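# A structural walkthrough
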Amino acid sequence: MDLFEKFKNMGPLGKYNREAFGYFMFPKLEGELGPRMSFMGKDMLVWSINNYLGLGNHPEVRKADAEAAEKWGLAYPMGARMMSGHTKYHEELERELADYEKKEAAYLLNYGYQGMVSIIESLVSRRDVIVYDSEAHACIIDGCRLHFGKRFVYPHNDMVNLDKELERATKITDQTGGGILVITEGVYGMSGDLGNLRDIVALKEKYNFRLLVDDAHGFGTMGKTGAGTSEHLGVMDEVDVYFGTFAKSMAGIGGFVASKNEVIEFLRYNLRSQIFAKSLPMPMVIGALKRLELIRTHPELKNNLWKIVNALQEGLRNNGFNIGKTESPVTPVILEGGIPEATQITYDLRENYGIFCSIVTYPVVPKGVILLRLIPTSNHSIDDVNYTIKAFSEVKHKLDAGEYSKEMIDAQKIM
Ligand SMILES: Cc1ncc(COP(=O)(O)O)c(C=O)c1O
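Treat the numbers as computed from the prediction; the structure is a model and nothing was measured. Residue numbers restart at each chain and count upward from 1, following the sequence in its written direction. Side-chain atom pairs in this predicted model are given and counted only at pLDDT of 80 or more, local residue features only at pLDDT of at least 70, and totals for whole chains, interfaces and linings cover all residues.

### Quick notes on the site of the ligand
A molecule or strand has a residue near it when that residue's C-beta atom, placed from backbone coordinates, lies within 6 Å of it. In the vicinity of the ligand lie 13 residues, with Gly112, Tyr113, Ala216, Thr245 and Ala247 positioned nearest. Broken down by element, the residue count for the shell around the ligand peaks at three residues, all from helix H5 (residues 112–123). Only Asp, Glu, Lys and Arg are considered charged in this grouping, and only Ala, Val, Leu, Ile, Met, Phe, Trp, Tyr, Cys and Pro are considered nonpolar; every other residue, Gly among them, is considered polar. A breakdown of the residues in the shell around the ligand according to their chemical character gives six nonpolar, five polar and two charged. Only DSSP runs of H or I reaching four residues or more are called helices, and only runs of E reaching two or more are called strands; each is numbered from the N terminus.

Right, dumping it as structure tokens:
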């Protein structure tokens, strides 16, 4: 068989390509980044970009990015950090990030995803055991896939089960002479609930393990200073390795890992995604320094984000919506229905209410569940919140009345 033959089966997402491309998947949002953007020529109130603190289009950020691109270009520095891609600006950003995270040191990653895969791969060897949460992000799963030793998964935030898996892992490491790495997220990006960091950390009394936290959605949004979920839950010191991305609150690209000196020094010489890949370009580094400075000196960005989050989540709850267990800005609205209803709701929201949010269906969530995911940002207004709650109430009313199952949307007409 020709290798390419199998591509006729496009996989769980790709199978909807013909009907969904351009509208439900790969939509083109146009215009300035922010709560008002344009989709297929129509103005939209956008709840689907992770621009939590509104930095994506902040004038100082735009200026810093543009000046850095003008001064350094996009090529500088050339080569991997270890060979020829190291600069004092990379070091400065690392010092700033470590200081912000109250860790001894930090190291930059040129993509969050690859960085995380690489962190996991380099922290463990064949003798070690990984124990991770069942709802872990794809980058954690891919990192675990590279591990030659045992790995155990515990049901999402289930501490009784984690305890059991740690007992199992300890029996193995007692024999192999290896160690245990537990991996969780700080904020779970679909449901918005938090990794059970306090309870996980408490298990350190009973078992010997190190804790790695992927705080992609928590960095900048959670905790008194925005340092993340571990700050929010008061366990910054107990998180051994902290990971953050620049792709969300920082509205950039890249990421970092922060930990003790000995860990970062080890990673510097063993993170394959950094040793064998080009260093983060200068505009990203200088731009990240500016973003971090703004996050640290402008608490109103986070305060305003939370004003919107609280209004949106309280409003949805008060109007009878199930928003699950979120404790973060990520706001899931959980409805009942299949893919036909989900597509019609999305269509109705976009075409008749001018609301653009992400929609998640089976296989990402269980069959029969429709999850509309709202990402509030510092730039949204209370009017946006009120308008959205009213629109969602109407949509839910139509869903409950069976209106969306009566009339199927002809996807071809949308395109
Ligand atoms: C939990 C989590 N980890 C890691 C990543 C990857 O980060 P990046 O987009 O910087 O590659 C994401 C981004 O989607 C994420 O949500």
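Next comes the rest of the write-up.
### Side note on the pairing of strand S2 (residues 36–39)
If a strand is regular, its side chains alternate between the two faces of the sheet. As paired strands, strand S1 (residues 29–30) and S2 are joined by two bridges and run antiparallel to one another. Residue pairing across strands places Glu30 opposite Ser38, the latter belonging to S2. Remark: five residues form the turn of the hairpin made by S1 and S2, two consecutive strands paired antiparallel; Gly31 in that turn has positive phi of roughly 95°. In this scheme, strands are said to pair when DSSP sees at least two bridges between them. Summarising the sheet, S2 and strand S3 (residues 42–46) pair through four bridges and their orientation is antiparallel.

### Remarks on the domain arrangement of the protein
We note that the domain assignment places domain 1 (3–52 + 300–414) and domain 2 (57–297) within the protein. The source of the domain bounds is an automatic or database domain assignment. If you average the C-alpha positions of domain 1 and of domain 2, the two centres end up 28 Å apart. For the side of domain 1 that touches domain 2, the elements supplying multiple residues, two or more each, are helix H13 (299–318), strand S11 (331–336) and strand S14 (369–374). With three residues, the top contributor of residues to the side of domain 1 that touches domain 2 is H13. Residue classes in the side of domain 1 that touches domain 2 are distributed as nine nonpolar, seven polar and five charged.

### Points about the nonpolar core
Across soluble globular proteins, you tend to see nonpolar side chains buried next to one another. Each nonpolar core consists of buried Ala, Val, Leu, Ile, Met, Phe, Trp, Tyr and Cys residues. Their C-beta atoms, within 7 Å, join them into a set. Exposed residues have 12 or fewer other C-beta atoms within 10 Å of their own C-beta, buried residues have 20 or more, and residues in between are partly exposed; the C-beta atoms are placed from the backbone. In this structure, Ile119, Val131 and Val257 are the most contacted members of the largest nonpolar core, which totals 100 residues. In terms of residue count, helix H12 (residues 282–297) provides more of this core than any other element does, seven residues in total. Mapping this core onto the domain boundaries places at least three of its residues in each of domain 1 (3–52 + 300–414) and domain 2 (57–297). Each residue gets a C-beta atom placed from its backbone, and two residues are in contact if those atoms lie within 7 Å. Beyond its immediate chain neighbours, meaning those up to four positions away, Val257 contacts Ala106, Tyr107, Leu109, Gly115, Ile119, Val241, Phe243 and Leu267.

### Overview of the sheet that holds S11
Spatially, three strands are ordered S11-S14-S13 in an open sheet, and the strand pairing comes out antiparallel. On the outer flanks of this sheet lie S11 and strand S13 (358–360), each paired with one strand and no other. Along the sheet, successive strands turn relative to each other by an average axial angle of 25°, direction set aside. Here S11 pairs with S14 via six bridges, running antiparallel. Looking at the pairing, Thr331 lines up with Leu374 of S14. The convention used is that axes are lines fitted to C-alpha atoms, helices contributing only their stretch in contact, and that angles between N-to-C directions extend from 0 to 180 degrees.

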